[in-house]
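# Topology and contacts: notes
One-letter residues, chain by chain:
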Amino acid sequence: MALLIRTLFGLLLALAVALAAAADARFMALSYHEVLADDEPMTPTAVRASDLARQFAWLKVNGYHPVSVDQILAARAGGPPLPDNAILLTFDDGFKDVYTRAFPLLKLFNYPAVIALVGRWMDVPAGGMVDYDGKPVPRSKFLDWAEVREMQKSGLVEVASHSYDLHRGILANPQGNTQPAATTRHYANGRYEDDAAYLARLRHELRDTIAKHTGKAPRIIVWPYGRSNGAAQQVAAELGMPIGLTLVDGFNDASTPTAIWKRQLIENSPSLQAFAEMLRVTWDPNPGRSVKVDPGTWPSGEDELSPTLDRLLTLSPNIAFVKPAIQGDGREMALFPTKLRPVAADKLNHISWQTERRAGVPVFIDLPDAWLNEPELIADLARYVNFAGLRLRAAPGSAVAESVRKAAGRWVWPLQLAYALDQPPTSAQWAALQPGDLVVLPATEENIAAVPHEMARRVLFEFDPSLPPEAIARRMNRLEADGFRQFGIAGLPDSVMGPIFPSLSLRWQPQLP
């Protein structure tokens with residue numbers, strides 16, 4: 001008994017130490033881009049210089065403390081803790097207005113910051129044009145190396161890599177979609193890059209071209225569009241950039257891997273009130289609302305994707321479970337390139353990308369049960385298809401689930417898993433859920449009654465579409481009233497304006513703190 005008590009005490013002490021260390025290294029990172037004059041046309045990722053000055057002043061008056069990367073690393077290593085309300089300021093893309101408008105404010109307030117430069121843009125000679133995401137922009141709109149060196153010499157500004165030439169889209173599929181270069185297999189002449197070619201391209205585009213101008217190689221990679229994956233993060237670390245900045249919202253602490261620090265994107269020059277709310281208020285994410293999409297039910301020879309996207313856009317779920325294969329000639333046929341199955345058509349990446357970009361709905365691939373023991377098939381899926389997560393019939397923490405996560409995780413990040421079970425998990429299985437993962441259960445009265453209320457944010461109840469729509473809508477409303485706000489339907493309603501629509505659609509949902 002004494003041994004058990006000592007063991008439990010030791011575990012509690014270790015947990016307390018870990019929590020204290022996490023709190024000591026807690027910070028929020030902010031991602032700025034252009035800094036515009038008040039009379040310049042607004043762009044989606046810009047901030048007005050006057051608004052930036054107000055935001056910097058608000059930080060100082062309200063007890064927020066911009067910190068350097070050195071301070072963060074020291075706190076994570078057990079050194080001096082970060083001050084309360086620590087903030088990491090970052091400026092992406094290397095616009096000249098970072099020097100002319102942001103740098104004077106950094107000096108005025110004595111705030112440290114990180115600037116992220118794209119090597120190819122910096123290499124464009126004076127008088128030339130920069131290809132800025134497909135739009136020609138005069139080279140004069142971007143920093144020159146003398147300005148970069150001056151900011152670095154001040155001791156306030158650290159120079160990071162924004163890659164050499166990954167800040168662009170590349171051809172990703174036969175349908176002509178362009179997708180982020182860092183995470184996409186380039187499609188050309190009817191073929192995709194293999195692993196060796198993809199990794200070689202990453203190494204080439206993540207090479208250091210900054211040190212020869214500044215005397216110091218970057219240790220930070222700021223991922224273009226916030227997109228990376230496990231392979232890209234590994235390459236960056238091998239090239240001397242173990243610190244990675246993403247565009248995933250949220251706070252960072254000692255438990256956040258250095259390769260994937262979160263950042264809050266500053267958009268549309270927020271008002272001071274909106275800026276303060278972003279830092280002060282922790283908003284719950286929208287509840288999960290799901291539908292199922294089965295390309296195998298689409299009429300042969302017809303373009304059913306566009307009407308499907310229209311229905312998704314109107315219904316506004318935030319999860320689409322999409323099947324990756326169809327039945328053809330009495331056999332299962334994949335919708336993506338693989339040598340492990342017959343391929344009906346290479347169109348799943350197109351479906352997934354259009355669903356995300358046009359309808360605004362993240363895609364979870366609904367894995368067939370037979371695929372769960374074929375990690376290489378799942379790896380092929382992750383190589384060639386853009387998706388947010390995987391749905392699988394396996395228990396959280398099981399060997400099968402971890403094999404699936406490992407197979408896909410090298411090529412897709414962040415990766416969420418949705419565990420489709422027939423009945424609620426055990427206590428150990430609930431505890432095995434990783435952040436962002438969820439459990440999908442049939443919306444039966446028995447299952448709803450058996451799920452602890454504290455797990456309401458980790459479970460999604462799925463309704464049988466063959467039930468009367470009015471009955472489904474009533475039960476969804478009861479779930480909402482009982483605090484179980486995550487639910488969906490195992491199909492895609494033909495009529496988005498039927499009785500289910502106001503209960504399922506996020507367009508009807510207020511955001512609650």
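Our structure's up above, just so we're on the same page.
Residues numbered from 1 in each chain as written. Predicted model: local features only at pLDDT ≥ 70, side-chain atom pairs only at ≥ 80, totals over all residues. Heavy atoms only, no water.

Per the secondary structure count, the protein chain includes 18 helices and 26 strands. For 513 residues, the compact-globule estimate of 2.2 N^0.38 gives 24 Å, and the protein chain sits close to it at 25 Å. Considered along the principal axes of its C-alpha atoms, the protein chain spans approximately 70 × 65 × 50 Å. In the protein chain, once contacts between residues fewer than 6 apart in sequence are set aside, the share between residues at least 24 apart is 65%. Roughly 23,100 Å² of accessible area belongs to the protein chain as shown, and the carbon and sulfur atoms make up 55% of that amount. (Helix = DSSP H or I, 4+ residues; strand = E, 2+ residues; numbered from the N terminus. Rg over C-alpha atoms; globule rule 2.2 N^0.38 Å. Contact = heavy atoms within 4.5 Å. Areas by Shrake-Rupley, 256 points an atom, 1.4 Å probe, with all protein chains shown as cover.)

Looking now at helix α14 (residues 399-409). Of the residues making up α14, those classed as buried are A401, V404, R405, A407 and A408. Buried residues of α14 fall within an arc of 165° about the axis and therefore sit on the same side. Exposed and oriented more than 90 degrees from the buried face of α14 are A399 and K406. In the core, the buried residues of α14 are packed alongside α13 (375-384), β22 (389-392) and β23 (416-420). (Buried < 20%, exposed > 50% of the residue type's maximum accessible area, 1.4 Å probe, protein only. Arc of directions from axis to C-beta.)

Considering the arrangement of structural elements, one finds Y132 in strand β7 (residues 129-132). Classification of Y132 as buried rests on a relative accessible area of 12%. Taking C-alpha positions, Y132 is 35 Å from R405, a pair spaced 273 residues apart along the chain. Every residue in contact with Y132, bar those within four places of it in the chain, is listed here: D93, F95, W121, V137 and F142.

Turning our eyes to something else, we now look at the sheet that holds strand β26 (residues 487-489). Backbone hydrogen bonds are what pair the strands of a sheet, in a parallel or an antiparallel way. Pairing is parallel in the closed barrel, where eight strands are placed in the order β17-β18-β21-β22-β23-β24-β25-β26. Across the sheet, the mean angle separating the axes of adjacent strands is 25° when strand polarity is ignored. For strand β21 (residues 363-366) and β22, the ladder comprises three bridges, and the chain directions are parallel. What sits directly across from F364, in β22, is G389. The sheet strands contacting α14 are β22 and β23, and the helix crosses β23 at an angle near 150°. (Pairing = 2+ DSSP bridges. Axes fitted to C-alpha atoms, helices over the stretch in contact; angles between N-to-C directions.)

Looking now at the packing of aromatic side chains. Going through the model one piece at a time under the given rule, you end up with 19 aromatic pairs. The interplanar angle of 15° and the centroid separation of 5.1 Å between the aromatic rings of Y32 and F91 together place this pair among those described as stacked. Here Y32, found in strand β1 (residues 27-32), pairs with F91, found in strand β5 (residues 86-92); they are 59 residues apart in sequence, far enough to count as distant. F91 carries the same exposure label as Y32, and that label is buried. Judged by centre distance (5.3 Å) and plane angle (25°), the rings of F109 and Y111 are stacked. In this structure F109 comes out as buried when scored by relative accessible area, which is 15%. Judged by its relative accessible area of 3%, Y111 is buried. Among the aromatic side chains, those forming a connected cluster through ring pairs are F95, W121, Y132 and F142. Across from the ring centre of F251, 3.8 Å away, lies the NZ or CZ of R26, which sits over that ring. (Phe/Tyr/Trp six-rings, centres within 6.5 Å; stacked < 30°, edge-to-face > 60°. Lys NZ or Arg CZ within 6 Å of the ring centre and 35° of its normal.)

Once that is clear, we can look at the side chain of R383. Structurally, R383 can be placed in helix α13. A polar side-chain atom of R383 sits 2.8 Å from a polar atom in the side chain of D195. Sequence-distant contacts of R383, that is, excluding residues within four places in its chain, are made with R185, D195, E376 and W411. (Polar contact = N/O pair within 3.5 Å; in protein donor to acceptor, adjacent residues only side chain to side chain.)

Enumeration over the complete set of coordinates arrives at 32 salt bridges. One salt bridge in this structure joins K96 and E147, with 2.8 Å as the shortest N-O distance. Separated by 51 residues along the polypeptide, K96 in the loop between β5 and α4 (97-109) and E147 in helix α6 (residues 145-153) bring together distant segments of the chain. One salt bridge connects D422 with R393, and the closest N-O pair in it is separated by 3.0 Å. (Salt bridge = Lys/Arg side-chain N within 4 Å of Asp/Glu carboxyl O.)

Attention shifts here to the pairing of strand β20 (residues 331-334). Across four bridges, strand β19 (residues 325-328) lies against β20 in antiparallel orientation. Each bridged residue has a counterpart across the sheet, and for I326 the counterpart in β20 is M333. Connecting β19 to the next strand, β20, in antiparallel fashion are two residues, including D329 with a positive phi near 55°.

Moving on: the nonpolar core. L367, L381, F387, L390, L392 and F461 are the most contacted members of the largest nonpolar core, which has 77 residues in total. Sort the elements by how many residues they give to this core and α13 lands first, with five residues. The residues contacting L381, other than those within four sequence positions of it, are P324, F336, L348, I365, L367, F387 and L390. M28, W58, L105 and W145 belong to the second largest nonpolar core, which has 39 residues in total. (Core = buried A, V, L, I, M, F, W, Y, C linked by side-chain atoms within 4.5 Å.)

The next thing to look at is the packing of α13 against α14. One way to put it is that α13 packs onto α14 with a least axis distance of 8 Å and a crossing angle of 40°. Taken together, the axes of α13 and α14 are oblique relative to one another. α14 is crossed by α13, and the crossing has right-handed handedness. Mapping the contact onto sequence places P375, I378, A379 and A382 in α13 and S403, V404, A407 and A408 in α14. (Parallel < 35°, antiparallel > 145°, perpendicular 65-115°, else oblique. Left-handed = near helix turned anticlockwise from the far one by under 90°.)

It is worth spelling out unusual backbone geometry at this point. Cis peptide bonds are those with omega within 30 degrees of zero, and the linkage from W413 to P414 qualifies with -10°. Among the structural elements, P414 can be located in the loop between α14 and β23. At S163, a residue that is not glycine, the phi angle is positive and equals roughly 85°. Positionally, S163 belongs in the loop between β9 (157-161) and β10 (169-171). At S316, a position not held by glycine, the phi torsion is positive, near 60°. Considering the arrangement of structural elements, one finds S316 in the loop between α11 (305-315) and β18 (319-322).

Don't take any of this as a statement about function, it's just geometry.
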